[in-house]
Amino acid sequence: MPSDEQAVKSSQAQQLGPLCRRVDATPGSRPICSADVGLLLVFEEMQGRDDPLMSFRHFQSGPAISLRRPTARAIREFAERQRTLNLTYPATVAGKSPPAGFTVDFQRTLVGTGEATFHAACDLVHRWRQFPTAWIAPVVDSLPAAEGDVVVTLARFAGLWWLNACRVVDVVEPGPAFPGRSRRLEIAYGTLPGHIAAGEERFSIVCDADDRVWYEIHAFSRPAYWLARLAQPLLRRLQRRFGAESLALVAAAGAAAPCSQVV
């Protein structure tokens, strides 16, 4: 009989969509978890295989792109190379107003009403579950999100696998509930040199004074490398697609949460 922990991990893996696949504990393979405290992605790393890094092209600057699905080892090493590097936009603006020359995006949707909806939406974002994992998924240091964490996004697009690196630059926790007072959770990450773009993205769950719960994505970005500048119209379409699908995910989660009112 599987343990409760194994059952939870199996359920999480099934919910993560096509980018994630269950790896049975058969001889010659082992499941690798992105974080000890919780499973976001499970990859298969075959024992006895040639060094997986040989088939994966790495850059200290710019994203990592591959024809083959990167192994867990490749993702870990990519993240570690990025860990001590500086942000690729002015660090003084992290969590503040966007600098000049960046494209600003703001998207917002109503999630629902009530304290239960607010907490459910906050938990979703705390655990990076706002990503549309059919084509892009996060690999993180720990759960819940914490300032300083490195976040690597694994994306599948145009027949290629893409790794992009960010660092969590700001986490704002909501305060206690008071009638007529708004509260918000904010988690923001900024780009590192291993990212195709430069900028910051902030995910917010807001409970306003009327007890309505909103999910907001506020981002500013610009191309960081020649590849992004060459394909900027495509990059902008992908950014808009991510925003629309993320809004839909969180709104659906809010609709499933029971309604309650702050007393």
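Treat the numbers as computed from the prediction; the structure is a model and nothing was measured.

### Some details on the pairing of strand E5 (residues 136-140)
Right, so step 1: The buried fraction of E5 is high, at five of five residues.
Right, so step 2: On E5, burial covers both faces: Ile136, Pro138 and Val140 on one face and Ala137 and Val139 on the other are all buried.

### A closer look at helix H2 (residues 72-82)
Right, so step 1: Of all the positions in H2, only Ala72, Ala74, Ile75, Phe78, Ala79 and Gln82 are classed as buried. Along the axis of H2, the buried positions cluster into a sector of 165 degrees, meaning they face one direction only.

### A closer look at the environment of Glu245
Right, so step 1: Inspection of the secondary structure assignment puts Glu245 in helix H5 (residues 232-256).
Right, so step 2: The class for Glu245 is partly exposed, based on a relative accessible area of 29%.
Right, so step 3: The spatial distance from the C-alpha of Glu245 to the C-alpha of Thr133 is 9.9 Å, given a sequence separation of 112 residues.
Right, so step 4: Within polar-contact distance, the side chain of Glu245 engages the side chain of Arg241 at 2.9 Å.

### Digging into the packing of aromatic side chains
Right, so step 1: All chains considered together, the criterion is met by nine aromatic pairs.
Right, so step 2: Clustering of aromatic rings is evident, with ring pairs tying together Trp128, Phe131, Tyr189, Phe203 and Phe242.
Right, so step 3: Over the ring of Trp214 we find Arg108, and its NZ or CZ is 3.7 Å from the ring centre.
Right, so step 4: Its end group placed over the ring of Trp135, Arg241 keeps NZ or CZ at 4.3 Å from the ring centre.

### Observations concerning the pairing of strand E7 (residues 160-172)
Right, so step 1: Burial of E7 is extensive: 10 of the 13 residues sit out of reach of the surface.
Right, so step 2: Bridge count for strand E3 (residues 64-66) against E7 is three bridges, and the pairing is antiparallel. Its bridge partner being in E7, Ala64 is matched across the sheet by Leu163.
Right, so step 3: Looking at chain direction, strand E6 (residues 150-157) and E7 are connected through eight bridges and run antiparallel. By the bridge assignment for E7, Val151 is matched with Cys166.
Right, so step 4: Connecting E6 to the antiparallel partner E7 that follows it, the hairpin turn spans two residues, and Ala158 within it adopts a positive phi of roughly 55 degrees.

### Considering the nonpolar core
One broad rule of soluble globular proteins: the nonpolar side chains tend to lie buried together.
Right, so step 1: Ranked by internal contacts, the top residues of the largest apolar core, which has 35 residues, are Trp128, Phe203, Ile205 and Tyr215.
Right, so step 2: Listing elements by their share of this core, those giving two or more residues are helix H3 (115-126), E5, E6, E7, strand E8 (183-191), strand E9 (197-207), strand E10 (212-223) and H5.
Right, so step 3: The contacts of Ile205, once residues within four sequence positions are left out, are Phe118, Ala121, Cys122, Val125, Arg183, Arg184, Leu185, Val213, Trp214, Tyr215 and Val250.

### Quick look at the side chain of Arg236
Right, so step 1: Positionally, Arg236 belongs in helix H5.
Right, so step 2: Take Arg236: its relative accessible area is 16%, and that puts it in the buried class.
Right, so step 3: A polar atom in the side chain of Arg236 sits 2.7 Å from the side chain of Gln239.
Right, so step 4: Each residue touching Arg236, except ones within four places of it in the same chain, is listed here: Thr103 and Asp105.

### Overview of the environment of Asp211
Right, so step 1: One can find Asp211 in the loop between E9 and E10.
Right, so step 2: Take Asp211: its relative accessible area is 8%, and that puts it in the buried class.
Right, so step 3: A sequence separation of 32 residues divides Asp211 from Pro179, and the C-alpha atoms of the two residues are 8.3 Å apart.

### Quick look at H3
Right, so step 1: Taking 1.5 Å as the rise per residue, H3 with 12 residues should run 16 Å; its terminal C-alpha atoms sit 16 Å apart, in good agreement.
Right, so step 2: Of the residues making up H3, those classed as buried are Glu115, Thr117, Phe118, Ala121, Cys122, Leu124, Val125 and His126.
Right, so step 3: In this structure, the buried side of H3 is in contact with strand E4 (103-113), E8, E9, E10 and H5.
Right, so step 4: One or two residues past the end of H3 sits Trp128, with phi positive at roughly 60 degrees.

### Overview of the pattern of salt bridges
Right, so step 1: In total, this model carries 15 salt bridges according to the counting rule given.
Right, so step 2: The shortest N-O distance in the salt bridge between Arg236 and Asp105 comes to 2.8 Å. Pair noted here: Arg236 is in helix H5 and Asp105 is in strand E4, with a separation of 131 residues, a long-range link. Note on accessibility: Arg236 and Asp105 belong to one class, buried.
Right, so step 3: Residue Glu200 is joined to Arg202 by a salt bridge in which the shortest nitrogen-to-oxygen separation is 3.5 Å. You'll find Glu200 and Arg202 in the same group, each marked buried.
Right, so step 4: Connected through shared salt-bridge partners, Arg108, Asp170, Arg184, Glu186, Glu200, Arg202 and Glu216 make up one network.

Criteria and thresholds
Residues numbered from 1 in each chain as written. Predicted model: local features only at pLDDT ≥ 70, side-chain atom pairs only at ≥ 80, totals over all residues. Heavy atoms only, no water. Buried < 20%, exposed > 50% of the residue type's maximum accessible area, 1.4 Å probe, protein only. Helix = DSSP H or I, 4+ residues; strand = E, 2+ residues; numbered from the N terminus. Arc of directions from axis to C-beta. Polar contact = N/O pair within 3.5 Å; in protein donor to acceptor, adjacent residues only side chain to side chain. Phe/Tyr/Trp six-rings, centres within 6.5 Å; stacked < 30°, edge-to-face > 60°. Lys NZ or Arg CZ within 6 Å of the ring centre and 35° of its normal. Pairing = 2+ DSSP bridges. Core = buried A, V, L, I, M, F, W, Y, C linked by side-chain atoms within 4.5 Å. Contact = heavy atoms within 4.5 Å. Expected span 1.5 Å × (residues − 1). Salt bridge = Lys/Arg side-chain N within 4 Å of Asp/Glu carboxyl O.

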